[in-house]
Amino acid sequence: MNYEKLAQTVIENVGGEQNISGLVHCATRLRFNLDDESKVNAKALKATAGVMGVVSKGGQFQVIIGSDVGNVYKEITSQIDIQDGAPKPKNNQSKVSLVIDTITGIFTPILPAITAAGMIKAILSLLIVFKVMTAQDQSYQVLSFMADAAFYFLPILLAASAARKFNTNMYLAMMLGGVLLHPNFVAMTKTAAETGGIHFLGMPIAAVSYASSVIPIILTVWLMSFVEPIADKFSPKSVKFFTKPLITILVVGTASLVVIGPFGYAVSDAISNGIKYLESFSPWLVPLIVGGFTPLLVATGTHYGLIPIGINNRMTNGYDTVVYPGMLASNVGQGAAALAVALKSKKSEVKQLASSAGLTAILGITEPALYGVNLRFKTPLYAAMIGGGVGGFFMGIMGTRNFTGGSPGLITLPSYIGEDTLVHFYSAIAGAAISIVISFVVSYVLYKDEVTEAPVTLTEINVDALHDTLVAPMDGHSVALSTVKDAMFSQEILGQGVGIIPSSNEVYAPVSGVVSAVFETKHAIGITDDAGVEILIHVGIDTVQMGGTGFAYHVEKDARIEKGDHLMSLNVEVIKEHGYDPTTMMVITNSDSLGDILVTTDRDVHVGDALIKIVK
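The structure displayed is predicted, hence computed values, not measured ones.

Analysis parameters
Residues numbered from 1 in each chain as written. Predicted model: local features only at pLDDT ≥ 70, side-chain atom pairs only at ≥ 80, totals over all residues. Heavy atoms only, no water. Helix = DSSP H or I, 4+ residues; strand = E, 2+ residues; numbered from the N terminus. Buried < 20%, exposed > 50% of the residue type's maximum accessible area, 1.4 Å probe, protein only. Contact = heavy atoms within 4.5 Å. Areas by Shrake-Rupley, 256 points an atom, 1.4 Å probe, with all protein chains shown as cover. Pairing = 2+ DSSP bridges. Phe/Tyr/Trp six-rings, centres within 6.5 Å; stacked < 30°, edge-to-face > 60°. Lys NZ or Arg CZ within 6 Å of the ring centre and 35° of its normal. Core = buried A, V, L, I, M, F, W, Y, C linked by side-chain atoms within 4.5 Å. Axes fitted to C-alpha atoms, helices over the stretch in contact; angles between N-to-C directions. Left-handed = near helix turned anticlockwise from the far one by under 90°. pLDDT = per-residue confidence, 0-100. Expected span 1.5 Å × (residues − 1). Salt bridge = Lys/Arg side-chain N within 4 Å of Asp/Glu carboxyl O. Parallel < 35°, antiparallel > 145°, perpendicular 65-115°, else oblique. Nonpolar A, V, L, I, M, F, W, Y, C, P; charged D, E, K, R; others polar.

### Section: the overall build of the protein chain
Regarding its fold elements, the protein chain presents 21 helices and 20 strands. Of all 616 residues assigned to the protein chain, the portion counted as buried reaches 50%. Across the protein chain, the fraction of contacts at a sequence separation of at least 24, relative to all contacts at a separation of at least 6, is 74%. Counting only carbon and sulfur atoms, one obtains 61% of the accessible surface of the protein chain, whose full area is about 27,300 Å².

### Description of the sheet that holds strand β12 (residues 524–529)
The sheet built from eight strands is open, its strands ordered β15-β11-β12-β13-β17-β9-β8-β19 with antiparallel pairing. With one partner strand each, in any of the chains shown, β15 (560–561) and β19 (603–605) form the two edges of the open sheet. Where strand β8 (residues 476–480) lies against strand β9 (residues 496–502), five bridges are found, and the strand directions are antiparallel. Considered in β9, the bridge of Gly-476 is made with Pro-502.

### Things to note about the pairing of strand β17 (residues 584–588)
Where burial is concerned, most of β17 is hidden: five out of the five residues are buried. Because side chains alternate across β17, one face comprises the buried residues Thr-584, Met-586 and Ile-588, and the other comprises Met-585 and Val-587, equally buried. Both β9 and β17 contribute to a ladder of five bridges, which runs antiparallel. When the sheet's bridge partners are listed, Val-498 is paired in β17 with Met-586. With five bridges connecting them, strand β13 (residues 534–539) and β17 associate as antiparallel partners. Looking at β17, one finds that His-538 is bridged to Met-585.

### Thoughts on the packing of aromatic side chains
Counting across every chain of the model gives eight aromatic pairs. With 5.9 Å between their ring centres and 45° between their planes, Phe-425 and Tyr-426 make a pair best called tilted. Residue Phe-425 is classed as buried on the basis of its relative accessible area of 18%. One cation-aromatic arrangement involves Arg-314 over Tyr-324; the distance from NZ or CZ to the ring centre is 4.5 Å. A cation over an aromatic ring shows up here: Lys-344 above the ring of Tyr-444, its NZ or CZ 5.3 Å from the ring centre.

### Observations regarding the sheet that holds strand β14 (residues 552–553)
One open sheet holds the three strands; their spatial order is β10-β16-β14, and the pairing between them is antiparallel. Each having just a single partner strand, β10 (506–508) and β14 make up the two edges of the open sheet.

### Overview of the environment of Val-24
With respect to the helices and strands, Val-24 occurs in strand β1 (residues 20–25). Spatially, the C-alpha atoms of Val-24 and Pro-109 are 7.4 Å apart, while their sequence positions differ by 85 residues. Setting aside chain neighbours within four positions, we find Val-24 in contact with Arg-29, Leu-30, Arg-31, Tyr-73 and Arg-164.

### Let's talk about the nonpolar core
If you look at the biggest cluster of nonpolar residues, it comprises 53 residues, and the most contacted ones within it are Phe-107, Leu-158, Val-221 and Leu-328. Ignoring anything within four residues of it in the chain, the contact list for Leu-158 reads Ile-106, Phe-107, Ile-110, Ser-213, Val-214 and Ile-217. One finds Val-515, Val-533, Phe-551 and Tyr-553 within the second-largest nonpolar core, a separate group that totals 34 residues.

### Let's talk about the packing of helix α15 (residues 323–344) against helix α19 (residues 423–446)
Across the interface, α15 lies against α19 with an axial gap of 7 Å and an inter-helix angle of 35°. Between α15 and α19 lies a crossing whose hand is right-handed. Residue-level contacts link Leu-328, Ala-329, Val-332, Gly-333, Ala-336, Ala-337, Leu-339, Ala-340, Val-341, Leu-343 and Lys-344 of α15 to Ala-428, Ala-432, Ser-435, Ile-436, Ser-439, Phe-440, Ser-443, Tyr-444 and Val-445 of α19.

### Examining the confidence of the model for the protein chain
Scored by pLDDT, the protein chain comes out at a mean of 84, with 91% of its residues at no less than 70. The model gives residues 84–88 a pLDDT under 50, and that stretch makes 13 contacts with residues more than four places away or in other chains. Ignoring residues within four places in sequence, the model shows residues 452–466, a span with pLDDT below 50, making 15 contacts including any to other chains.

### Considering the environment of Arg-31
Turning to its location among the elements, Arg-31 is positioned in strand β2 (residues 29–34). Of the residues examined, Arg-31 reaches a relative accessible area of 0% and is grouped as buried. Between the C-alpha atoms of Arg-31 and Phe-185, which are 154 residues apart in sequence, the distance is 38 Å.

### Some details on helix α7 (residues 154–166)
With 13 residues, α7 ought to run about 18 Å at 1.5 Å a step, and its terminal C-alpha atoms sit 18 Å apart, in line with that. In terms of residue burial, α7 counts as a mostly covered element, since eleven of its 13 residues are buried. In the stretch just after α7, Asn-167 is the one whose phi turns positive, near 60°.

### Here we look at the pattern of salt bridges
Inspection of the entire model under this criterion finds five salt bridges. With a shortest N-O distance of 2.6 Å, Arg-560 and Asp-530 are connected by a salt bridge. Residue Arg-560 is located in strand β15, and its partner Asp-530 is located in the loop between β12 and β13; the two are separated by 30 residues in the primary sequence. By relative accessible area, Arg-560 is classed as partly exposed at 46%. With a shortest N-O distance of 3.3 Å, Asp-558 and Lys-557 are connected by a salt bridge. Accessibility expressed as a relative area gives 55% for Asp-558, which makes it exposed. Exposure remark for Lys-557: the relative accessible area of 45% places this residue in the partly exposed category.

### What about the pairing of strand β4 (residues 60–64)?
A large share of β4 lies buried, amounting to five of its five residues. Side chains Gln-60, Gln-62 and Ile-64 of β4 all project onto a buried face; the interleaved residues Phe-61 and Val-63 project onto the opposite face, where all are buried too.

### A closer look at the packing of helix α6 (residues 138–152) against α7
Direction vectors running N to C along α6 and α7 enclose 50°, while the axes themselves pass 5 Å from each other. It follows that α6 is oblique to α7 by the angle criterion. Across the interface between the two elements, Ala-150, Phe-151 and Tyr-152 from α6 touch Leu-154, Pro-155 and Leu-157 from α7. In terms of residue class, the contact of α6 with α7 is built from six nonpolar, no polar and no charged.

### What about unusual backbone geometry?
The phi dihedral of Asn-167 falls on the positive side, at around 60°, and the residue is not glycine. Looking at where Asn-167 falls in the secondary structure, it is placed in the loop between α7 and α8 (170–181). Residue classification places Asn-167 among the exposed residues on the basis of a relative accessible area of 51%. If you check the backbone angles, Asp-542 has positive phi at about 65° while not being a glycine.

Okay, structure coming up:
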């Protein structure tokens, strides 16, 4: 692969260097923060060799590369000047998107260190279990402190990545991490009970340990991002070099020890106690949900929001029972579903792609299987979700504990060895096996090769053989759903259908039936026609964030409608002014229970024109 050429193509199609305000990468994705996503040429990116797909979620534009992402990232950063600071949030970015973007930006850069430490810990566990070494051996002790370094000094690692995300001085942030971990402070916390506690200028300091903690240092650096500019403003120019860092450290360091640190510690403890309660109440619930729905989180790039929970569980309790076991079941399930496609398909190109992607997913990296096979053919996705859910359920019931993290897959199964027992290792193997078998069998049974030998056009269909006909609900230009800049629609996760670039502001009923769903934001409407076809008309991409501005309903839920009735109004110009794409999607949400669905694309359409036909 020519990384230099691929990097140039990616830069060009995300809007050029001037449109890039931030860039990080995870195991398989380039995660861009862009000033204006309307400048992105998603269609060109998807057609680029070396790009598996694109997703715009969580405040980031994500380009999925695969295992070569590190090389492409390195080439991009060598070609353009990316400021070492966090991008400013967009005005229209939701709070949820902002939180996901922040979490991703903080935790993604430190994952290699945590993964390396976790794998060393797994090796140490194996050495002890199989009696190759003892805990008293110096070789064991050296390996042990090498692994412990990433976990013990985790606040300093997080301080560095948080400083970049919050656009503040990285070295002052790392110093604050050092304050929380300083040996003298640690010694004072151990003797606090005998000395009557710890005080600074009359203010009490909680005697807690911040080694391996997550939340306290992130909150501390967040506060620093506000204090540092104030210190800069009030420091005289002639001595600013000295006074700015002095004021910042004194103010933030004191606040961290007295208020923020104890508060963050309490939050971590509350999360830990909540997980323990959940374990005692229904230990199977969260692993089941994570195992079943992780593919959808990965598809939208929001799965990194779960990682801090797993890390916090391990740092607080010594193990995680909810996030990583569920992700293990999901990942191996996706791999097994793809391998079933490889075995059953009679197409050589599908076999080759599915076999390599399936193996990679079983080992822990799922994007090639997810985007190349499972989302593409749908049935293996459903199989993976079923198998992952059942495998997660089993590991939840068994209380399977993950001790060191790593990318969930067969290669990191040793991370379930700990507490001088192989019980959790064996249950992880059993849970993974359950997920693999169920996903493989369901995928093999459901999968059928796509028939492409004789493409059928609308003019070749006998009208008498049609189950239903959906007409255009608005004037505009019809486009293939695959070109829509939202993976939930372009990957047909919600069902098959068509996109319309609107040239009018009115939406009319494409069929006769009943209004089955309306929304407070008035940006979409659901219809069930007389034959049981379930239709979703969704105006614009991410327009839910407009809160109903520019939209109006002309019908109510459960109302009887006839084909051509006035359903709703929109304002294309207002949508564009708010920075959103007005492309409207008409999707058949129960596509899988119907026959062949034929769509008319790449042409101008008017209200009442035949747009989608369903063959019995």
